[in-house]
Amino acid sequence: MTNNGKSQTLRARLNLLGRRPGSDVENSGHVDEDDPLHPTTDTMRARRRESLLGYLSHNSGYIFFACVFVLFMRTGFLAGNNVHQTDVDIANSDLGVSLTPFSQSTPEHPITMLIDEAEAKHRQKLAGQSKTLKAAVAEYRRRYKRAPPKGFDQWWKFAQDNDVKFVDEYDGLVSDLAPFWELTGEELRRRALQVGELPSIDLVRIKDGTSSTLNINSAFKDAEAGARAAGFNTMLLKFVHTLPDMDFPINAKAEGRVLVPWEHRKYPNLTHQDSSDGVEAMLGGPFRADWGADGTVWDAWRRTCPPTSAARRVLSSMRNVFTPQRKNYLTPSTDEQPIESDFQFASTTSAQTLDFCAQPHEHYSQGHFFSDWRTLPALYPVFSPARATGFLDIKIPSHYYHGSTKRYTYGWDPVNLDQKDVDSMDMPWEEKEDKIFWRGATTGGGSHPPGFSLQYQRHRFLRMASDTSFTPRTVTFADPPSSKHYVSASVPTSQLNAGIMDTAFVKAVSPQSYPGGLAALRLAHRFGDSHRTTKSTTSMHTSPAHRALHSKPSTRRCFNYQTQTAAPSMVTGDSGGLLELGRNGRRLRGGRLIWK
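These figures come from a predicted structure and were not determined experimentally. (Residues numbered from 1 in each chain as written. Predicted model: local features only at pLDDT ≥ 70, side-chain atom pairs only at ≥ 80, totals over all residues. Heavy atoms only, no water.)

1. Considering the overall build of the chain
Next up, step 1: When helices and strands are counted, the chain shows 18 helices and 17 strands.
Next up, step 2: The buried share of the chain, taken over its 596 residues, is 37%.
Next up, step 3: Sequence separation of 24 or more characterises 67% of the internal contacts of the chain that already satisfy a separation of 6 or more.
Next up, step 4: If you sum the accessible surface of the chain, you get close to 35,000 Å²; carbon and sulfur atoms cover 56% of it. (Helix = DSSP H or I, 4+ residues; strand = E, 2+ residues; numbered from the N terminus. Buried < 20%, exposed > 50% of the residue type's maximum accessible area, 1.4 Å probe, protein only. Contact = heavy atoms within 4.5 Å. Areas by Shrake-Rupley, 256 points an atom, 1.4 Å probe, with all protein chains shown as cover.)

In structure tokens:
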């Protein structure tokens, strides 16, 4: 083909590809079907179909995987948002409850894991206890760097005869007694007798193998005098015949009594070390039982802090103490957590959780800092049922656990003055409700200075448990029950409290110290009688949130509980109330409440 022919053919093809409406090719009215440059419409459609089928055949593998990926993603999103629409409709209609997927995928609930870990540690500690006297002596020497006390062999026999489980655990006792190793035996005995002369401190005296209780300062009238001493005396009866002559000064109050300033502990030579001149010389003058206008427990307590701490400064805080602060009392204060977090699950609580020396403004929410009873600024051996960080009292078991106060004893009949096997207020297991039941008086702190009881632990707990607002609270549970699929229900506080809480005050103590008096106290807190209310028939019992909270078979335990832990940094001993756990409740171990 000549160059001229090639040019004509190329021009024809370009005209075909780039023809415009009205062009010669488009308007000629006749096209040769055999002309490759001018195909018919049917030919064009056939070629397009062949081209598409070829593309699909060539790329079929890629197309298949793309379809599977889209289908998988779509299915995953649908499953993630599947929250059992029927339950959601019931919840929304009854409670305004909406279910949302659990924010994290977890094979087990945190509480269950913590319980398993705690029980494993418990079994491990139990298995590691000494099995023989020789092993117990060796373990005592290893832990405490000294020989066991005289009579340890008799104690070992007593422990074996009474099936004592933890025969090697003396950490708390050794820690409490540590400051008194600085005193001679003669000085310690003299101080024990002297402190018994003070108001609200009784003596349990052991002489010639028998024990008795004494109230040396009988001129001071105290309704609580003698009760705790009598309880301690009861604890000694089984082995009192083996003890030497001695005096135990027993605190008649639930609050700690001994607060020695930091400087006096750091530099003992700055204080009187010889108490032979009497208790007044040790305390700097006559002792008055209450504070009056010359001090408070907080003023005395903060002097136990180092001089460089915030608590020793004049202006402890500029923060509004009555504004609720986001504070996680279940985790160490150094842990960072999101602002929207109410709390996190923790394996234990510790006195280090809240350091009042570093955070003095926090003391406004702790009732023991407002006690009316004056503390002792000198190192005296005082045995108390409780003590907070900073106090130097020696802890002993509460007398309530030994039945010395009849009205707090299970089965006590106040009419016939007898103790029955089954309490008249108890009921068959199957009729019990799945609720947290609490009753108590408006105690939990003193009134010096007055006006701060609004912030005491009991008052805050009761307002929380009887809140009737619509503030949403999140409840996380397995759905369906016993599965490993966790969902969260946003439940109004009022409905949540109605479904799981039955709490009330039964007695107003010193209502004049509450801001606004008795009327304001009753307005802000629920008051009721000492027994449980009738079963609730609210819609909470038919909602998915309620079913999740009470999804296990009924196995509730019920007991009288004398509150042992009122704050992470303190143990408040026997100032308790009546607490009943629902079927998901777990019995106490060492004064701590453990959920099941």
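Let's pick the thread back up.
2. Considering the layout of surface pockets
Next up, step 1: Each pocket or cavity is described by its volume, and for the second largest pocket that value is around 360 Å³.
Next up, step 2: What lines the second largest pocket is a set of 18 residues, and nearest its centre among them are W291, A300, R374, T375 and P377.
Next up, step 3: The class makeup of the residues in the lining of the second largest pocket is 8 nonpolar, 5 polar and 5 charged. (1 Å grid on protein atoms, 1.4 Å probe; cavity = no way out; pocket = protein on both sides within 12 Å on 5 of 7 lines; lining within 4 Å. Points joined across faces, edges and corners; volume = space filled by probe spheres on them. Nonpolar A, V, L, I, M, F, W, Y, C, P; charged D, E, K, R; others polar.)

3. Remarks on the pairing of strand β12 (residues 486-492)
Next up, step 1: β12 sits mainly inside the fold: 6 of its 7 residues count as buried.
Next up, step 2: In this structure, strand β11 (residues 472-478) lies alongside β12, joined through 7 bridges in antiparallel fashion. Paired with T474 across the bridge in β12 is S490. (Pairing = 2+ DSSP bridges.)

4. Considering the confidence of the model for the chain
Next up, step 1: Of all residues in the chain, 62% attain a pLDDT of 70 or more, and the chain-wide mean is 74.
Next up, step 2: In the predicted structure, residues 6-33 sits below a pLDDT of 50 and forms 14 contacts with residues beyond four places in sequence or in another chain.
Next up, step 3: In the predicted structure, residues 533-596 sits below a pLDDT of 50 and forms 187 contacts with residues beyond four places in sequence or in another chain. (pLDDT = per-residue confidence, 0-100.)

5. Overview of the state of the cysteines
Next up, step 1: Taken as a whole and assessed by the stated rule, the structure comprises 1 disulfide.
Next up, step 2: The disulfide bridge from C305 ends at C357, spanning 2.0 Å between sulfur atoms. Across the disulfide from C305 to C357, rotation about the S-S bond amounts to roughly -85°, and the bridge is consequently left-handed. With C305 in the loop between α14 (297-302) and β5 (383-384) and C357 in the loop between α14 and β5, this residue pair connects regions lying 52 residues apart in the sequence.
Next up, step 3: Since its relative accessible area comes to 13%, C357 is described here as buried. (Disulfide = S-S within 2.5 Å.)

6. Topic: the side chain of H363
Next up, step 1: Tracing the backbone shows H363 in the loop between α14 and β5.
Next up, step 2: According to the relative accessible area criterion, H363 is buried, its value standing at 4%.
Next up, step 3: Polar contacts involving the side chain of H363 include one to the main-chain carbonyl oxygen of P360, which spans 2.7 Å. (Polar contact = N/O pair within 3.5 Å; in protein donor to acceptor, adjacent residues only side chain to side chain.)

7. Some details on the packing of helix α7 (residues 133-144) against helix α8 (residues 152-161)
Next up, step 1: Interhelical geometry of α7 versus α8 gives an angle of 120° and a closest axis separation of 11 Å. Taken as axis vectors, α7 and α8 run oblique relative to one another. Between α7 and α8 lies a crossing whose hand is right-handed. Within the contact between the two elements, α7 uses L133, A136, V137 and Y140 and α8 uses F152, D153 and W156.
Next up, step 2: When its residues are assigned to classes, the contact of α7 with α8 shows 6 nonpolar, no polar and 1 charged. (Axes fitted to C-alpha atoms, helices over the stretch in contact; angles between N-to-C directions. Parallel < 35°, antiparallel > 145°, perpendicular 65-115°, else oblique. Left-handed = near helix turned anticlockwise from the far one by under 90°.)

8. Things to note about the environment of D294
Next up, step 1: With respect to the helices, strands and loops of the structure, D294 is situated in the loop between α13 (279-283) and α14.
Next up, step 2: Taking relative accessible area as the criterion, D294 reaches 44% and is therefore assigned partly exposed.
Next up, step 3: In contact with D294, not counting residues within four places along its chain, are R288 and R374.
Next up, step 4: Here R374 takes part through its side chain, which lies 3.0 Å from a polar atom of the side chain of D294.

9. Notes on helix α11 (residues 227-236)
Note on helix geometry: an α-helix contains 3.6 residues per turn, so any two residues three or four positions apart are oriented the same way.
Next up, step 1: Counting buried positions over the 10 residues of α11 gives 7, a clear majority of the element.
Next up, step 2: For α11, the set of buried residues is R228, A229, G231, F232, N233, M235 and L236.
Next up, step 3: Here the buried face of α11 lies against β2 (201-207), β3 (210-214) and β4 (246-251).

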